[in-house]
Amino acid sequence: MGILGVYLRKIYTLFRGEVLVLPSRIVVFLFFLVLLFLPVVTQDLYLLRILILTSIFAILAASWDLLSGYTGQMNFGHALFFGVGAYTAALLNLHAHIPPYGSIPLGGLAAVLAGLVIGIPCLRLRGTYLALTTLAFPIILMGIVFAIPGITGGELGVSGLSRLSSSRLYDYYITVVLMLGLCTIMWKITDSKTGIIFHAIREDELAVRTSGINVTRYKLLAFSLSGFFAGISGGLYAHFMRIAGPSTLEVSMSFTVVIWAVFGGIVTIYGPVGAVFILFPLLEFFRFWPEFRMLLFAVVILLILLYMPNGILPWVRDKIEKECPRCKVRNVATRKTCRVCVAPLD
Amino acid sequence: MGQAFLEIDGLFKDFGGLRAVDNVSFSMNRDQILGLIGPNGAGKTTLVRLITGILRPDSGSIRFKGKNVIGLKTWDIINLGIACTFQNMRPFRRLPIIANVMVSCLCPRAMKRGEWVKRVEAKALDALEFAGISDMSLEKASTLSQGDLKRLEVARAIATEPELLILDEPFGGLSPAETDLMAKSIKRLHKGGRFGRLHSEGPAMIIIEHKLQQLMKIVDRIIVLNYGIIIADGTPEEVVNDKEVVESYLGEGGI
C-alpha cells in the first residue's frame, strides 16, 4: 500500500504539473476520458457507429497532416493509401482467411509500399506539380480495380469480410484505442528529431540538403509512415463496413481528407483529428435536412476558414492560451506572468 | 608533394547559351583562407554550387581530399566535410532558431563526430553561442534581422564541423560593426579549437565577398573570376595591383 501510495502521489503530481496547467492539455485529457468511458453511459449502436467511423477517419486525416502538413509533400491522392489498405485487408481476409488483427497491419504495410511507389517518382516534384501528380494515383488504381473485377469485385468491391470483432462495443474500443494510440505516435514522431527534419524539408529543401541530411530518405520515410497509418485506417474501415469498394479510392475521399485537415489546422496532428470529430458527426446531423446537407456543410467550412485561416483548433488554442515572450512556454490566457520564468505575459 | 585538399580542374558550366564557369582550375591547401571575388554574374556562386553538388558541371573534375565529388549528392558532399552558407539566407523561418541548427547537428557527420554529446540541443546551442545568437535560440527564425540571419547561416554550417567552409557573402547587408564582429568570428573559427561541445577543425575557407577591405584582412589568397574565367590568382597585394582585375572589377580607385 505504501509503494502504491507513493506511485499514486507521483502520478497525481505529474498530472497536476503537466496536464492541469494548460487548458489544451485538459481538453485532450477529457477527450481521451470521454471516448474511453462513453460506452459506460450509452451503448447506442448508431452513436457508436458514428464514433467508430469518426475514429477511423481521424487516423486518416492525421496521417495526411504528417505527410502534407509537416513535410510539405502536398498529397491530393491520400485515398490511395486508404484504398490500398482497405483492399489488401479485404483480399487477404477473404482469400487467405487472415483474421482482422493480421490483415489490417498487412494492409498498412501494403500502403507503405504504395507510399514508396508514389514517393519515388514524386521526389523531384514540388507544390502544385506534386499535388496534381499524387491526385492521379488513386484514379489509376481505381482503373485497375475496374479492369480486374475477378479479383477486386469491380464496382461492387470485395464484400463479405470478417467482422472487426464480435460486437459493436468491441469494434468501438478497438478503433478508438487504435486511433488514440496511432495519433499519439504520429504526434510523438512530429515532436521528435525526425519531426524537426520533416518540418525543415517543408520550409526549405535545399537548405536541408546543404545541412547534410539525406532528403530523399526522409521524404520516403514520410510517405511510408503516412501510408502505413492511412493503410491501417483503410483496413479498419474495410473490416468494420465488411466491404472494400471503389469509394475508398474516390477523388472526393482525397479532398475530404484535405478539407478535414485544413479545417482543423494543419501542422498540428491534433487539428485534423479534432476536425474529423467536429465535421463527421456534423455531416450526420445535417441529414435532418437532406436537401441542404452539403450546402450547410460547405457554409460552415467556408465561414470557419474565412475567420480562422489557420484552422479552428489553433485559433481556439490561441484564444485560451498565450506564449511567454521569453521562454516560449504556453500559459493560460488569464495569467499575468509566465508559469515557468515569471516573465510578464502582456 | 601531397595531394591538394581541394582540387578543381577544367570545370565548365553552361546555362543555355551562357557560360557561367569557363575552364576553372585551381587547388587549395588545408590551411588556406581563399577569397573568391569578381563582378556580379562572374560565376562565383555557380562555382560554389558546383563544389557542393547543388549543380552538376558539364565537364571537369572536383576532388576533395583526393575523392572525386562530382556525381555525389549534396548531403554526401556535406558529410565528407564541406559546408556552405547561402548568399540569400535560407533559414527554416517557422522553426525556432535552435531547431534550425539542430537539423545540421542531425546529419550523419555531426552525429558521428558528436557521439559523446548526449543532447543534440546542447551542441546546437554551442554553435549558436559561437555565432553570438544563443540568447535568441527559442525565437522563430523569421524574427531575426539580416545580420543575425547571417550568423544563423554560419552556426548551421559549423554545426556539421566541416573541414572546408564556403561562405557566400558573409558580410552582405551587415553594418560596419557587425562586419568586424563576423570577421573576428571567421578568424577564430579558422584557428580551430573547441567551442563547448563543438569542435572546430580549423577549416579551410572559401569566402565570396564584395566588401574587399574586410576580406583582404582575413584571406591569404584571392581568386578573381570574370565571365566565369579566372583572371587573377595570388596574394591580396598581387591581386589588387593586377591590371586586368583593376580594369574589369576594382576600377581605378582600387578597393
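Conventions used here
- Starting afresh in each chain, residues are numbered from 1 along the sequence in its written order.
- Each chain takes a letter, starting from A, and each ligand takes a number, starting from 1, following the order in which they are written.
- Only residues with pLDDT of 70 or above have their local features reported here, since the model is predicted, and side-chain atom pairs are shown and tallied only from 80 upward, although totals for entire chains, interfaces and linings are computed over all residues.
- As a rule here, side-chain values cover all heavy atoms of the structure and leave hydrogens and water aside.
- For helices the rule is a DSSP run of H or I covering at least 4 residues; for strands it is a run of E covering at least 2, with both sets numbered from the N terminus onward.
- For a compact globule the rule gives 2.2 Å times the number of residues to the power 0.38, and the radius of gyration it is set against comes from C-alpha atoms.
- For every residue, the accessible area obtained with a 1.4 Å probe (protein chains only) is divided by the maximum for its type, and the residue is called buried under 20%, exposed over 50%, and partly exposed between those limits.
- The contact criterion used throughout is that any non-hydrogen atoms of two residues lie within 4.5 Å.
- Exposure was quantified through the Shrake-Rupley algorithm and a 1.4 Å probe, taking into account, for residues, occlusion by the shown protein chains and nothing else.
- Charge assignment: positive for Lys and Arg, negative for Asp and Glu; neither His nor the chain ends contribute.
- For the purpose of locating charges, the reference atoms are NZ of Lys, CZ of Arg, CG of Asp and CD of Glu.
- The criterion for strand pairing is that DSSP finds at least two bridges linking the strands in question.
- Whenever a carboxyl oxygen of Asp or Glu lies within 4 Å of a side-chain nitrogen of Lys or Arg, that contact is scored as a salt bridge.
- Note on terms: buried area is the combined drop in 1.4 Å-probe accessible area of two parts once they are placed together, counting the loss on both.
- Under the rule applied, a polar contact is a pair of N or O atoms within 3.5 Å (in protein, one hydrogen donor and one hydrogen acceptor; residues adjacent in sequence only if both atoms are side-chain atoms).
- Throughout, the ten residues Ala, Val, Leu, Ile, Met, Phe, Trp, Tyr, Cys and Pro are labelled nonpolar, Asp, Glu, Lys and Arg are labelled charged, and all others, Gly among them, are labelled polar.
- Each residue gets a pLDDT score, which is the predictor's confidence in that residue and runs from 0 to 100.
- One fewer than the residue count of a helix, multiplied by 1.5 Å, yields its expected span.
- The patch calculation keeps residues exceeding 30% relative accessible area without a salt bridge and links them within 9 Å when they carry like charges or within 5 Å when they are nonpolar (Val, Leu, Ile, Met, Phe, Trp, Tyr).
- The angle between two axes is taken between their N-to-C directions and runs from 0 to 180 degrees, where each axis is a line fitted to C-alpha atoms and a helix contributes only its stretch in contact.
- Any angle between 65 and 115 degrees counts as roughly perpendicular, while under 35 counts as roughly parallel, over 145 as roughly antiparallel, and the rest as oblique.
- By definition, turning the near helix anticlockwise from the far helix through less than a right angle yields a left-handed crossing, and turning it clockwise yields a right-handed one.
- Working definition of a nonpolar core: buried Ala, Val, Leu, Ile, Met, Phe, Trp, Tyr and Cys residues. They are joined through side-chain atoms within 4.5 Å.

Participant: Would you take a moment to explain the overall build of chain A for this structure?
Facilitator: Along chain A, the regular secondary structure elements total 15 helices and 4 strands. The C-alpha atoms of chain A give 21 Å as radius of gyration, which agrees with the globular expectation for 346 residues (20 Å, within 12%). In chain A, which comprises 346 residues, the share counted as buried stands at 50%. A sequence separation of at least 24 residues applies to 70% of the contacts in chain A between residues at least 6 apart. When the accessible surface of chain A is totalled, it reaches about 16,300 Å², and 70% of it is carbon and sulfur. Seen as two clouds, the 27 positive and the 16 negative side-chain charges of chain A have centres 8 Å apart.

Participant: Can you walk me through the overall build of chain B in this structure?
Facilitator: Secondary structure assignment for chain B yields 10 helices and 12 strands. For a compact globule of 255 residues, the expected C-alpha radius of gyration is about 18 Å, and chain B comes in at 18 Å, within 12% of that figure. By the burial criterion, 56% of the 255 residues in chain B qualify as buried. Counting only contacts in chain B whose residues sit at least 6 apart along the sequence, the fraction spanning at least 24 positions is 67%. When the accessible surface of chain B is split by element, carbon and sulfur atoms take 48% of a total near 10,900 Å². Charge centroids of chain B, computed over 33 positive and 31 negative side chains, lie 7 Å from each other.

Participant: Where do I start with the pairing of strand β1 (residues 6-15) of chain B in this structure?
Facilitator: Side-chain direction in a regular strand flips from residue to residue, so the side chains alternate between the two faces of the sheet. All names here are of chain B. By the bridge criterion, 7 bridges tie β1 to strand β2 (residues 18-28) in an arrangement that is antiparallel. In the strand pairing of β2, L6 is matched with M28. A loop of 2 residues connects β1 with β2, the two strands running antiparallel in sequence, and G16 in this loop sits at a positive phi of about 60 degrees. Of the pairings in the sheet, the one linking β1 to strand β4 (residues 59-64) comprises 5 bridges and is antiparallel in character. Residue pairing for β4: I8 is matched across the bridge by I62.

Participant: So what exactly am I meant to see when it comes to the pattern of salt bridges here?
Facilitator: Between side chains of opposite charge, a pair can form when the charged atoms approach closely. With the rule as written, the count across this model stands at 21 salt bridges over all chains. The salt bridge involving A:D204 is made with B:R90; its shortest N-O contact spans 2.8 Å. One end of the pair, A:D204, is in the loop between α9 (193-203) and α10 (205-209); the other, B:R90, is in the loop between β6 (82-84) and α3 (97-105), on a second chain. Put simply, B:E163 and B:K65 hold a salt bridge, and the shortest N to O gap is 2.8 Å. In this pair, B:E163 is assigned in the loop between α6 (146-158) and β7 (164-168) and B:K65 in the loop between β4 and β5 (67-68), connecting sequence segments 98 residues apart. Among the residues examined, B:K65 registers a relative accessible area of 36% and is labelled partly exposed. Look at the salt bridges and you will find they share partners, linking A:R317, A:D318, A:E321 and A:R330 into a network.

Participant: What's the story with the interface of chain B and chain A in this structure? I'm lost.
Facilitator: A common way to report how large an interface is uses the accessible area buried once the components associate. With 25 residues of chain B at the contact, the number on the chain A side is 23 residues. Summed over both sides, the interface between chain B and chain A buries roughly 2,200 Å², with carbon and sulfur atoms accounting for 65% of that surface. Across the contact surface, chain B and chain A share 6 residue pairs in polar contact (both at pLDDT 80 or more). Going through the elements one at a time, α2 (74-80) and α3 of chain B are the ones with two or more residues in the side of chain B that touches chain A. Counted by class, the side of chain B that touches chain A contains 15 nonpolar, 4 polar and 6 charged residues.

Participant: When you look at the side chain of B:K13 in this model, what are you seeing that I'm missing?
Facilitator: Residues and elements named next belong to chain B. Within the element layout of this structure, K13 appears in strand β1. Among buried charged residues, K13 stands out as having no salt bridge; its nearest opposite-charge side chain is D58, 4.0 Å away. Here K13 is in contact with L18, R19, A20, V21, T46, L50, R56, P57 and D58, once residues within four sequence places are set aside.

Participant: I keep staring at the confidence of the model for chain A and nothing clicks. Help me out?
Facilitator: Close inspection of predicted coordinates is inappropriate in any region flagged by low pLDDT. Per-residue pLDDT for chain A has a mean of 94; in total, 100% of the residues score no lower than 70. Here helix α14 (residues 293-307) of chain A is the element of chain A with the lowest mean pLDDT, 91, and helix α8 (residues 168-190) of chain A is the one with the highest, 97.

Participant: It is not clear to me how helix α3 (residues 45-70) of chain A should be interpreted in this structure. Could you clarify?
Facilitator: At 3.6 residues per turn, the α-helix brings residues three or four places apart onto the same side. All names here are of chain A. Taking 1.5 Å of rise per residue, the 26 residues of α3 would be expected to cover 38 Å, and the 36 Å separating its terminal C-alpha atoms lies within 8% of that figure. In terms of residue burial, α3 counts as a mostly covered element, since 22 of its 26 residues are buried. Just downstream of α3, G72 is the residue with a positive phi angle, here 75 degrees.

Participant: Sorry, what's going on with the side chain of A:S254 here?
Facilitator: On the secondary structure map, A:S254 appears in helix α12 (residues 251-264). Aside from chain neighbours lying at most four places away, what touches A:S254 is A:F76, A:G77, A:H78, A:A79 and A:P138.

Participant: Please clarify how a positive patch on the surface should be interpreted in this entry.
Facilitator: Residue and element names in this part refer to chain B. Among the surface-exposed residues, K184, K187, K191 and K217 lie close enough to one another that they form a single positively charged patch. Among the elements that make up the positive patch, the one with the highest residue count is helix α7 (residues 176-191) (3 residues). Here K217 is to be found in helix α8 (residues 212-218). Taking the relative accessible area as the measure of exposure, K217 reaches 60% and is therefore exposed.

Participant: Explanation requested: the packing of helix α4 (residues 79-95) of chain A against helix α11 (residues 215-241) of chain A in the structure shown.
Facilitator: All names here are of chain A. Packing of α4 against α11 leaves a shortest axis separation of 6 Å and a crossing angle of 50 degrees. For the element pair α4 / α11, the angle class is oblique. Relative to α11, α4 is oriented so that their crossing is right-handed. Between α4, through F81, F82, G85, A86, A89 and N93, and α11, the contact on the second element is made entirely by F223, S226, G227, A230, G231, S233, G234, G235, Y237, A238 and H239. Grouping the constituent residues of the contact of α4 with α11 by class yields 8 nonpolar, 9 polar and no charged.

Participant: What is the right way to read the nonpolar core from this model?
Facilitator: As a rule of thumb, nonpolar side chains are buried together in soluble globular proteins. Counting 138 residues, the largest nonpolar core has A:F57, A:F81, A:M179, A:M186, B:V101 and B:L152 as its most contacted members. Per-element accounting of this core gives the leading share, 16 residues, to α3(A). In contact with A:M179, not counting residues within four places along its chain, are A:F31, A:L35, A:S55, A:A58, A:I59, A:V273 and A:F277.

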